[in-house]
Amino acid sequence: MAFIVKPLITEKMTSITEKQNKFGFIVRPEANKLQIKAEVEATYNVTVVDVNTMVYAGKNKSRYTRAGLLKGRTNAFKKAIVTVKDGETIDFYSNIQ
């Protein structure tokens, strides 16, 4: 079962990657740190030093439009910040056609 949903590619994550050699991933909520570490090492052929996880709760949102009040909810997700051994890196853009 794949625990990694997708890599996080944002301005903030890119700056952390450049400065601290850490990479971000959106992962399945039931994944633990050992499973995330094993999958990153197998998928990207790197040595993982540390894994930090955080769970984000979904939030209620509402906005006023011409049609009236629209209500919705943002998605809940789990994020993993993976620290890779010095000298190694992950290239997210290598398999883009």
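Remember, it's a predicted structure, so these values are computed and weren't measured experimentally.

Conventions and cut-offs
- Residues numbered from 1 in each chain as written.
- Predicted model: local features only at pLDDT ≥ 70, side-chain atom pairs only at ≥ 80, totals over all residues.
- Heavy atoms only, no water.
- Salt bridge = Lys/Arg side-chain N within 4 Å of Asp/Glu carboxyl O.
- Buried < 20%, exposed > 50% of the residue type's maximum accessible area, 1.4 Å probe, protein only.
- Core = buried A, V, L, I, M, F, W, Y, C linked by side-chain atoms within 4.5 Å.
- Contact = heavy atoms within 4.5 Å.
- Pairing = 2+ DSSP bridges.
- Helix = DSSP H or I, 4+ residues; strand = E, 2+ residues; numbered from the N terminus.
- Axes fitted to C-alpha atoms, helices over the stretch in contact; angles between N-to-C directions.
- Phe/Tyr/Trp six-rings, centres within 6.5 Å; stacked < 30°, edge-to-face > 60°.

A. Representation of the pattern of salt bridges within the structure. Going through the model one piece at a time under the given rule, you end up with one salt bridge. Among the salt bridges present, the one from E30 reaches R28, with a minimum N-O distance of 2.8 Å. A relative accessible area of 31% means that R28 is categorised as partly exposed.

B. Looking closely at the nonpolar core. One finds F25, I36, V40, V82 and I90 to be the most contacted residues of the largest nonpolar core, which totals 16 residues. Contact partners of V82, with chain neighbours within four places excluded, come to N21, K22, F23, F25, I36, V40, V48, D50 and V51.

C. The sheet that holds strand β3 (residues 48-56), seen in detail. In spatial order, the strands read β1-β2-β6-β3; together these four strands make up an open sheet with antiparallel pairing. What marks the edges here is a single partner per strand, and that holds for β1 (4-7) and β3. When the angles between neighbouring strand axes are averaged without regard to direction, this sheet yields 30 degrees. Bridge analysis of β3 against strand β6 (residues 77-84) gives eight bridges, and the strand direction is antiparallel. Pairing of T53 across the sheet is with A80, part of β6. Those strands touched by helix α1 (residues 11-20) are β2 (22-27) and β6, and its axis lies near 140 degrees from that of β2. Taken strand by strand, helix α2 (residues 33-44) contacts β1, β2, β3 and β6, and its axis lies near 125 degrees from that of β3.

D. Summary view of unusual backbone geometry. At N21, a residue that is not glycine, the phi angle is positive and equals roughly 60 degrees. One can find N21 in the loop between α1 and β2. In this structure, N45 takes a positive phi of about 55 degrees despite not being glycine. Residue position: N45 is located in the loop between α2 and β3. Overall, N45 belongs to the exposed group, its relative accessible area being 66%.

E. Highlighting the packing of aromatic side chains. Enumeration over the complete set of coordinates arrives at five aromatic pairs. Between F23 and F92, the ring centres sit 6.0 Å apart and the planes meet at 85 degrees, which makes this aromatic pair edge-to-face. Linking F23 in strand β2 with F92 in the segment after β6, this pair joins segments that are 69 residues apart in sequence. The exposure class of F23 is buried, given its relative accessible area of 3%. Classification of F92 as buried rests on a relative accessible area of 17%. Feature note: the residues F23, F25, Y44 and F92 constitute an aromatic cluster, connected by ring pairs.

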